[in-house]
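# Descriptive analysis of the structure
Take a look at the letters that make up each chain.
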Amino acid sequence: MAKNSNQNKKRVEKAEEDEDLMSIPEYMAKSSAIIADALQKGFDVLHLENGDIVTTGTKTIVTTYRWNSKNGKMVKFSVQESPGSQAISPIMNISAALKKSKKPSGKKG
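Residues numbered from 1 in each chain as written. Predicted model: local features only at pLDDT ≥ 70, side-chain atom pairs only at ≥ 80, totals over all residues. Heavy atoms only, no water.

Time to look at the overall build of the protein chain. Summing up its helical and strand segments, the protein chain has three helices and four strands in all. Traced from its N-terminal end to its C-terminal end, the protein chain shows the element sequence α-α-β-β-β-β-α. Sorting the 109 residues of the protein chain into buried and exposed places 13% on the buried side. Considering only intrachain contacts with a sequence separation of at least 6, the fraction spanning at least 24 residues in the protein chain is 26%. Total accessible area on the protein chain is roughly 9200 Å²; 55% of this is exposed by carbon and sulfur atoms. (Helix = DSSP H or I, 4+ residues; strand = E, 2+ residues; numbered from the N terminus. Buried < 20%, exposed > 50% of the residue type's maximum accessible area, 1.4 Å probe, protein only. Contact = heavy atoms within 4.5 Å. Areas by Shrake-Rupley, 256 points an atom, 1.4 Å probe, with all protein chains shown as cover.)

What follows deals with the confidence of the model for the protein chain. With 62% of its residues at a pLDDT of 70 or more, the protein chain has an overall mean of 74. Counting interchain partners and residues more than four positions distant, the pLDDT-below-50 stretch residues 85-103 has 23 contacts. (pLDDT = per-residue confidence, 0-100.)

Let's shift gears to the packing of aromatic side chains. All told, the structure shown has zero aromatic pairs when counted by the stated rule. Note that Arg-66 overlies the ring of Phe-77, its terminal NZ or CZ placed 3.6 Å from the centroid. (Phe/Tyr/Trp six-rings, centres within 6.5 Å; stacked < 30°, edge-to-face > 60°. Lys NZ or Arg CZ within 6 Å of the ring centre and 35° of its normal.)

Moving on, we come to the pairing of strand β3 (residues 61-68). The sheet contact formed by β3 and strand β4 (residues 73-81) spans eight bridges and is antiparallel. Following the sheet pairing, Arg-66 is matched in β4 by Val-75. Joining the antiparallel neighbours β3 and β4 is a turn of four residues, in which Gly-72 adopts a positive phi near 70 degrees. (Pairing = 2+ DSSP bridges.)

Among the surface-exposed residues, Leu-46, Leu-48 and Val-54 lie close enough to one another that they form a single nonpolar patch of about 230 Å² accessible area. Mapped onto the fold, Leu-48 is located in the loop between β1 (44-47) and β2 (53-56). (Patch = residues over 30% accessible without salt bridge, like charges linked within 9 Å, V, L, I, M, F, W, Y side chains within 5 Å. Salt bridge = Lys/Arg side-chain N within 4 Å of Asp/Glu carboxyl O.)

Our focus in this paragraph is the pattern of salt bridges. Scanning the entire structure with this criterion turns up one salt bridge. The shortest N-O distance in the salt bridge between Asp-37 and Lys-41 comes to 3.4 Å. According to the relative accessible area criterion, Asp-37 is partly exposed, its value standing at 36%.

Below, the discussion takes up helix α2 (residues 25-40). Under the 1.5 Å per step criterion, the end-to-end length of α2 is 22 Å for 16 residues, consistent within 8% with the ideal 22 Å. Taken together, the buried positions of α2 are occupied by Tyr-27, Ser-31, Ile-35 and Ala-38. One side of α2 carries all its buried residues, which in axial view fall inside an arc of 60 degrees. For α2, the exposed residues set more than 90 degrees away from the buried face come down to Pro-25, Lys-30 and Gln-40. Those residues of α2 hidden inside the fold are in contact with β1 and β2. At the C-terminal side of α2, Gly-42 shows a positive phi close to 85 degrees. (Expected span 1.5 Å × (residues − 1). Arc of directions from axis to C-beta.)

This is how it looks when you write it as structure tokens:
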């Protein structure tokens, strides 16, 4: 077991020296998982030549205002933050919020 670990370590060190990370199966598996996870969350991903991976995302906050005719002004009704730090389209967020706010009519169609 220690021999395999030593061999893997030497292979990683040699690949890092040669800057050929793509030849290391462990690097490929782990970097692919990171990239796939980031893309599923809607992040932008940069996989740099040196092997570094950079991900960027945004947090979307949806604020709903309603007209208050008694006071004659717009009033902040609700503020919703997207789950996590995912890059979510505001339109998708509003659509999801509208679906949640609709009450079932109780009638079966």
